[in-house]
Amino acid sequence: MSSLTTDVHEMVSSFGKYMMKVEMFPVFFFAHLAIGNIIVREDSKHLGPKFRQKHPFVSWLCTLMTGLSGVFVANFLFGDPLLDILKENFLIAYVTLIWYVMNYSPFDIVYKVVMHPMILLPASILQECLRLRFLYLGVQTAAKLYPNAPLIIFTGGFIKGNGYGFLKMVERLIRGHWNPAVNEFLELSYFAKSGAIASVMLVLHHYKMFILPIEFLYLGILAAFIIGRLVLVLGKVSDPLAPIMSPLSLILFGSWEDEESEGDSGEKKADGYSNENGAKTQNGNTKKRKDKKKE
């Protein structure tokens, strides 16, 4: 029994180390960039049926920003040249090739194939593997530069694990889709929340607060990322962490009395006391009563 446990332990450890070092280019990058193209295309539908044909450069630029968003934001925060990634000629050519076939293939065949659930689901899992790799490398890079600054180390992983969430406003502005009320600071997405939790765990491990070997922690986070993504794709749930985060947020930053008072104010608004249409209706009723009295 002990030998079996040892064998399983070694297998899991070896697999964890493999996932931490496996080459992500080109397969994992293809999945990530393909989904980035899908995000830009789906978010541009309201801009017109031929937005891609009329504005190919904007489509390419926004796709590039979406696929490499973590790098752009991290370079900006850590004082590196913002466009430093553009010197990677082969990577830019690879991004451009995927962008072209995803948007302009004959009969849109490539886009339709990638959108099929049998392709999209594995691609989503591969993207989660790449997201964790980016996050882990962000933590490692920040830890080397600022070994005694846990907040900066956390930020390095957090940004690399959810770069698009923080670059979305700029990317949408370029496409003519400006909505400042929708941003990652006002409403954290699932990817931001999960990236923050993973970054905290990696920071704690960096400071020896976790005795667990790094490959086991890495695999645990990866499993959580994949399960969350499956819930998103298959369960059509916008935020798998909401059942946990909402009660926690209520306990830490609110109270049941606040919820009840907000509910009461909402009912009053619904009754027309603070609603413009309701005010007009009440004014109209008052005028009718006055007219009747005069008669």
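Our subject is the structure that appears above.
The model shown is predicted, which means the values in this text are computed figures rather than measured ones.

Student: Help me understand the overall build of the chain in this model?
Tutor: When you go through the chain residue by residue, the secondary structure sums to 15 helices and zero strands. Looking at the chain as a whole, 39% of its 295 residues qualify as buried. If you take every contact in the chain between residues at least 6 apart in sequence, the share linking residues at least 24 apart comes to 70%. Carbon and sulfur atoms provide 66% of the accessible area of the chain, an area that totals close to 18100 Å².

Student: Help me understand the environment of V58 in this model?
Tutor: Within the fold, V58 resides in helix α4 (residues 56–67). Counting along the chain gives 117 residues from V58 to R175, while the straight-line C-alpha distance between them is 6.6 Å. Contact partners of V58, with chain neighbours within four places excluded, come to F51, I174 and R175.

Student: Teacher, can you tell me more about helix α10 (residues 163–175) here?
Tutor: Helical periodicity: at 3.6 residues per turn, an α-helix aligns residues three or four positions apart in one direction. The end-to-end C-alpha distance of α10, which contains 13 residues, comes to 18 Å, matching closely the 18 Å that a straight helix rising 1.5 Å per residue would cover. In α10, a bend of some 40° at M169 exceeds every other bend along the element. Every buried residue of α10 is listed here: G163, Y164, G165, F166, L167, E171, R172 and R175. Those residues of α10 that are buried are in contact with α2 (27–43), α3 (51–54), α4, α5 (69–77) and α9 (150–161). Immediately downstream of α10, the backbone of G176 shows phi near 85°, a positive value.

Student: Hey, could you run me through the packing of α4 against α10 in this one?
Tutor: Each pair of packed helices gets described by two things: the angle between the helix axes and the distance between those axes. At their nearest, the axes of α4 and α10 sit 10 Å apart, and the two run at 175° to each other. Comparing the axis directions of α4 and α10 gives the class roughly antiparallel. Contacts between α4 and α10 pair V58, L61, C62, M65 and T66 from the former with Y164, L167, V170, E171, I174 and R175 from the latter. Classifying every residue of the contact of α4 with α10 by side-chain character gives eight nonpolar, one polar and two charged.

Student: What should I look at first to understand the nonpolar core in this one?
Tutor: Nonpolar side chains in soluble globular proteins tend to be buried together. Core analysis: the biggest nonpolar cluster contains 53 residues, and M24, L68, M102, L202, I221 and L222 have the highest contact counts within it. Residues in contact with M24, not counting those within four places in the same chain, are M19, F29, C129, L130 and R133.

Student: Would you take a moment to explain the packing of aromatic side chains for this structure?
Tutor: Two numbers describe a pair of aromatic rings. These are the distance of the centres and the angle of the planes. Enumeration over the complete set of coordinates arrives at 14 aromatic pairs. Judged by centre distance (5.3 Å) and plane angle (65°), the ring pair of Y190 and F191 falls under edge-to-face. Under the relative-accessibility criterion, Y190 is labelled buried at 5%. We classify F191 as partly exposed; its relative accessible area is 26%. Every member of this aromatic cluster is reached through a ring pair, and the members are F25, F29, F90, Y94 and F134. Sitting above the plane of the F225 ring, R131 keeps its charged end 4.0 Å from the centroid.

Student: Looking at this structure, how should I read helix α11 (residues 190–206)?
Tutor: Taking 1.5 Å as the rise per residue, α11 with 17 residues should run 24 Å; its terminal C-alpha atoms sit 24 Å apart, in good agreement. Elements that come into contact with the buried residues of α11 comprise α8 (117–145), α9, α12 (214–235) and α13 (242–253). Directly beyond the C-terminal end of α11, a positive phi value near 65° is found at K208.

Thresholds applied
- Residues numbered from 1 in each chain as written.
- Predicted model: local features only at pLDDT ≥ 70, side-chain atom pairs only at ≥ 80, totals over all residues.
- Heavy atoms only, no water.
- Helix = DSSP H or I, 4+ residues; strand = E, 2+ residues; numbered from the N terminus.
- Buried < 20%, exposed > 50% of the residue type's maximum accessible area, 1.4 Å probe, protein only.
- Contact = heavy atoms within 4.5 Å.
- Areas by Shrake-Rupley, 256 points an atom, 1.4 Å probe, with all protein chains shown as cover.
- Expected span 1.5 Å × (residues − 1).
- Bend = angle between axes of the 7 residues up to and from the residue.
- Axes fitted to C-alpha atoms, helices over the stretch in contact; angles between N-to-C directions.
- Parallel < 35°, antiparallel > 145°, perpendicular 65-115°, else oblique.
- Nonpolar A, V, L, I, M, F, W, Y, C, P; charged D, E, K, R; others polar.
- Core = buried A, V, L, I, M, F, W, Y, C linked by side-chain atoms within 4.5 Å.
- Phe/Tyr/Trp six-rings, centres within 6.5 Å; stacked < 30°, edge-to-face > 60°.
- Lys NZ or Arg CZ within 6 Å of the ring centre and 35° of its normal.

By themselves, these are just geometric observations and shouldn't be taken as functional.
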